[in-house]
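Observations on chain architecture
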Amino acid sequence: MIGPLPQMIDLPPGAFTMGEMPQDKFADDTERPAHRVRLARPIAMSRLPITEAQYATFLARPTAVPDWPVAHVSWHD
């Protein structure tokens, strides 16, 4: 039996700047350089973090819970 689905929000197509500027003294190299990211099509995202139990239910394999709950997403997505 599948439990309740997570509450989702829609992210519309558009663009935003991801990352930090060089003058941000609290940022590290994993956050630089700031660059534009474009969403070509809308996507849905969970409103709250997905728990390991929710992800295991999604996979229907409770014994195989990976560290990063992302599925069917390629590097290019």
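The shown structure was predicted, so the numbers you read here are calculated from the model rather than taken from an experiment.

About the cut-offs
Residues numbered from 1 in each chain as written. Predicted model: local features only at pLDDT ≥ 70, side-chain atom pairs only at ≥ 80, totals over all residues. Heavy atoms only, no water. Helix = DSSP H or I, 4+ residues; strand = E, 2+ residues; numbered from the N terminus. Buried < 20%, exposed > 50% of the residue type's maximum accessible area, 1.4 Å probe, protein only. Contact = heavy atoms within 4.5 Å. Areas by Shrake-Rupley, 256 points an atom, 1.4 Å probe, with all protein chains shown as cover. Salt bridge = Lys/Arg side-chain N within 4 Å of Asp/Glu carboxyl O.

Attention shifts here to the overall build of the chain. When its secondary structure is counted, the chain shows one helix and four strands. Tracing the chain from N to C terminus, the helices and strands come up as β-β-β-β-α. When the 77 residues of the chain are sorted by exposure, 6% land in the buried category. Counting contacts in the chain only where the partners sit at least 6 residues apart, residues at least 24 apart contribute 47% of the total. Put simply, the chain shows about 7,200 Å² of open surface, and 62% of that area lies on carbon and sulfur atoms.

All right, on to the pattern of salt bridges then. A full pass over the atoms with the stated rule returns one salt bridge. With its nearest N and O atoms 3.6 Å apart, the salt bridge here joins Arg32 to Asp29.

Here we come to the environment of Pro6. Along the chain, Pro6 turns up in the segment before β1 (8-11). The sequence separation of Pro6 and Ser46 amounts to 40 residues, and the corresponding C-alpha distance is 6.2 Å. Setting aside residues up to four positions removed in sequence, Pro6 forms contacts with Ser46, Ile50 and Gln54.

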